[in-house]
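Architecture at a glance
Take a look at the letters that make up each chain.
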Amino acid sequence: MVREASNVLGGKLETCCTSPITGFYRDGKCNTGGGDMGAHIVCAQMTEEFLNYTKLRGNDLSTPVPAFNFPGLKPGDRWCLCASRWKEALDAGVAPPVVLPATHASALEYASLNELKQNALEL
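Computed from a prediction, not measured in an experiment: that's the story for all the values here.

Reading guide: rules and limits
- Residues numbered from 1 in each chain as written.
- Predicted model: local features only at pLDDT ≥ 70, side-chain atom pairs only at ≥ 80, totals over all residues.
- Heavy atoms only, no water.
- Helix = DSSP H or I, 4+ residues; strand = E, 2+ residues; numbered from the N terminus.
- Contact = heavy atoms within 4.5 Å.
- Disulfide = S-S within 2.5 Å.
- Buried < 20%, exposed > 50% of the residue type's maximum accessible area, 1.4 Å probe, protein only.
- Axes fitted to C-alpha atoms, helices over the stretch in contact; angles between N-to-C directions.
- Parallel < 35°, antiparallel > 145°, perpendicular 65-115°, else oblique.
- Left-handed = near helix turned anticlockwise from the far one by under 90°.

1. Considerations on the environment of Val-98
Tracing the backbone shows Val-98 in the loop between helix 2 (83-91) and helix 3 (113-118). Sequence spacing of Val-98 and Asn-119 is 21 residues, and the spatial spacing of their C-alpha atoms is 6.0 Å. Each residue touching Val-98, except ones within four places of it in the same chain, is listed here: Val-42, Cys-43, Ala-44, Trp-86, Thr-103, Leu-116, Asn-119, Ala-120 and Leu-121.

Pasting the structure below:
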């Protein structure tokens, strides 16, 4: 069982997305734990620009992989991204917007709250 996590705003970690189901634990939340080497903790809404960028960087998130029950992502989908990839995309000017209430507090080890807020999706 995953313990109750906090988001970057200090509240309870909210669900990022259940369709498609996201999260390292595939529970819809950007929870993390010892086995999550990629720190899949930033809830972001995919954009065409980011999906193209991450594909060019070697992580194709848009192509379905049925063997892993992965439907492939499209613009508008929400997904728990690796914090380091989100920060890399931010530095490259292509970071997708972040859903702050669904972004794990540990993301603050990779990006400042100000950077996250400046790139937050208006809910």
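Back to the write-up after that little detour.
2. Considering the state of the cysteines
Counted by the stated rule, this structure contains two disulfides. Through a disulfide, Cys-16 is tied to Cys-43; the S-S separation comes to 2.1 Å. The sign of the 85 degrees torsion about the S-S bond sets the Cys-16-Cys-43 disulfide as right-handed. You can see Cys-16 sitting in the segment before strand 1 (40-45) and its partner Cys-43 sitting in strand 1, a full 27 residues away along the chain. Under the relative-accessibility criterion, Cys-16 is labelled buried at 6%. Each disulfide of the protein chain joins two cysteines, and with those cysteines numbered along the sequence the arrangement is 1-3, 2-4. Just so you know, Cys-17 is unpaired, no disulfide at all, and the nearest cysteine sulfur is the one on Cys-16, 6.1 Å from it. Looking at Cys-17, the relative accessible area reads 12%, which means it is buried.

3. A short note on the packing of helix 1 (residues 48-56) against helix 2
One can describe the packing of helix 1 onto helix 2 by two numbers: an axis separation of 11 Å at closest approach and a directional angle of 110 degrees. Considering the angle they form, helix 1 stands roughly perpendicular to helix 2. As helix 1 packs across helix 2, the resulting crossing turns out to be right-handed. Contacts between helix 1 and helix 2 pair Phe-50, Tyr-53 and Thr-54 from the former with Arg-85, Glu-88 and Ala-89 from the latter.

Take it as geometry only, folks, not as evidence of what the structure does.
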